[in-house]
Amino acid sequence: MVRHDQTSQVTYDIARRGDQGTTHYEYWDYGAYRTALTGSTQDDMAELWRARHGELAPYTALVADAQTAGRGRVGRRWFSLPERSLTVSALIVLPAALVESAGWLTLIGGAAARRALSRLAGVSCNGTELKISWPNDVVAVSASGEQRKVAGVLGEYIGRAEETDTLAAVVGLGANLGLTEDELPTPTAASLRTAGFEVPDRGEVVRAWLQELEERVGAFGATGDPRASGVLEEINRECATLRPNVTVGRPRDTPVIGRGVRIVEDGSLIVASTDGEVVVTSGEVSLFGDMPRAVTAFREPTAGPEATR
Ligand code: BTN
């Protein structure tokens with residue numbers, strides 16, 4: 001386990017891209033640094049890693065009360081409300097040899113978020129459960145089977161440190177904690193509050209997510225194997241996408257409709273459709289699929305009109 005010196009009170013000043021000033025992060029808790037306002041914690045972590053990666057411990061996290069340019073998967077914008085949402089990005093370091101399997105970090109980030117939120121939010125007053133929606137969302141599944149998105153994870157490769165032969169990635173979590181029904185942006189979104197759960201303190205969620213991340217990434221990094229590390233089994237067990245009548249949207253292709261059957265070793269989802277079994281790779285629906293090709297460049301956001309929360 002990585003220990004952070006909670007008395008050191010380090011601060012980070014991160015120059016925002018495009019000459020938009022500086023974001024000031026203060027030490028918060030458990031390896032997390034907090035700011036009131038920034039563009040995107042994903043961009044800030046990439047910037048921080050480029051400037052000071054020699055000093056950054058794995059699982060260092062940046063938390064913003066508010067983001068002006070929050071990014072979701074496949075170029076969507078990510079909206080959040082101060083105090084009612086959690087927006088956090090964590091630094092992940094893996095042996096460079098695992099570059100081809102690092103797409104698993106997104107799924108691991110989602111599994112860690114589901115577990116952390118479930119641990120803290122208690123039992124819903126109406127029988128709702130928190131599950132993984134492949135590849136990287138946490139959904140509230142009601143007793144009648146309706147699914148609504150509570151949280152999303154975005155994984156991005158940020159670079160390789162030659163001196164330690166490691167790769168660095170940033171895994172970001174956006175979670176709807178205390179939003180009311182009126183504050184939800186779409187009919188398919190939910191918050192812990194609207195799903196009938198306790199609303200935990202943001203800091204507690206950050207701490208629990210980092211612990212769950214560390215446990216899973218540690219096991220994955222040590223074995224390089226999603227099955228041996230237990231994450232493949234957990235994701236299959238907790239995945240709400242493994243059911244009949246699933247529609248998997250693919251930004252670069254037509255949607256696949258059928259029964260979600262299982263998630264396999266490379267992180268792909270198998271869907272039994274009327275045309276037979278179709279393999280949907282997580283790369284088709286998440287940015288992390290492009291990761292090994294973005295070896296030195298940081299990906300520019302391609303914000304589209306669609307927004308998620
Ligand atoms: C998705 O569901 O599309 C993923 C959403 C990820 C949002 C988080 S909020 C913290 C971090 N900073 C960002 O700009 N995005 C991620």
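Everything below is about the structure shown above.
Described below are features of the structure shown in this document.

Conventions used here
- Residues numbered from 1 in each chain as written.
- Predicted model: local features only at pLDDT ≥ 70, side-chain atom pairs only at ≥ 80, totals over all residues.
- Heavy atoms only, no water.
- Pairing = 2+ DSSP bridges.
- Helix = DSSP H or I, 4+ residues; strand = E, 2+ residues; numbered from the N terminus.
- Axes fitted to C-alpha atoms, helices over the stretch in contact; angles between N-to-C directions.
- Near = heavy atom within 4 Å.
- Polar contact = N/O pair within 3.5 Å; in protein donor to acceptor, adjacent residues only side chain to side chain.
- Areas by Shrake-Rupley, 256 points an atom, 1.4 Å probe, with all protein chains shown as cover.
- 1 Å grid on protein atoms, 1.4 Å probe; cavity = no way out; pocket = protein on both sides within 12 Å on 5 of 7 lines; lining within 4 Å.
- Sits in = over half its atoms within 2 Å of the grid points.
- Nonpolar A, V, L, I, M, F, W, Y, C, P; charged D, E, K, R; others polar.
- Salt bridge = Lys/Arg side-chain N within 4 Å of Asp/Glu carboxyl O.

## Brief notes about the sheet that holds strand β4 (residues 61–67)
The strands that make up a sheet are held in pairs by hydrogen bonds between backbone atoms, and each pair lies either parallel or antiparallel.
Alright, step 1. Judged by pairing direction, the sheet is mixed, and its 9 strands sit side by side in the order β1-β2-β3-β4-β6-β10-β9-β8-β7 without closing on themselves. What marks the edges here is a single partner per strand, and that holds for β1 (11–15) and β7 (129–133). Across the sheet, the axes of successive neighbouring strands diverge by a mean angle of 25°, strand direction being ignored.
Alright, step 2. In this structure, strand β6 (residues 85–95) lies alongside strand β10 (residues 166–176), joined through 11 bridges in antiparallel fashion.

## Comments concerning the site of the ligand
Alright, step 1. As a structural note, the neighbourhood of the ligand is formed by 19 residues, with S40, Q67, R71, R73 and K149 the closest of them.
Alright, step 2. Between the ligand and R71, the relevant distance is 2.7 Å, taken from a nitrogen atom to a main-chain nitrogen or oxygen of the residue.
Alright, step 3. One of the backbone nitrogen or oxygen atoms of R73 is found 2.6 Å away from an oxygen atom of the ligand.
Alright, step 4. When the free accessible area of the ligand is taken as 420 Å², the share hidden by the protein chains comes to 100%.
Alright, step 5. With respect to the detected pockets, the ligand is housed in the largest cavity.
Alright, step 6. Elements that contribute at least two residues to the shell around the ligand include exactly α1 (41–52), β6, β9 (147–161) and β10.
Alright, step 7. The element that contributes the greatest number of residues to the shell around the ligand is β9, accounting for 4 residues.
Alright, step 8. Of the residues contributing to the shell around the ligand, the split by class is 5 nonpolar, 10 polar and 4 charged.

## Quick look at the pattern of salt bridges
Alright, step 1. One pass over the full model with this rule turns up 22 salt bridges.
Alright, step 2. In this structure, E238 and K131 form a salt bridge, with 3.0 Å as the shortest nitrogen-oxygen distance. In this pair, E238 sits in helix α4 (residues 231–238) while K131 sits in strand β7, placing the two residues 107 residues apart along the sequence.
Alright, step 3. Between E146 and R148 there is a salt bridge whose closest N-O contact spans 3.5 Å.
Alright, step 4. Sharing partners across several salt bridges, the network here consists of R114, K131, E233, R237 and E238.

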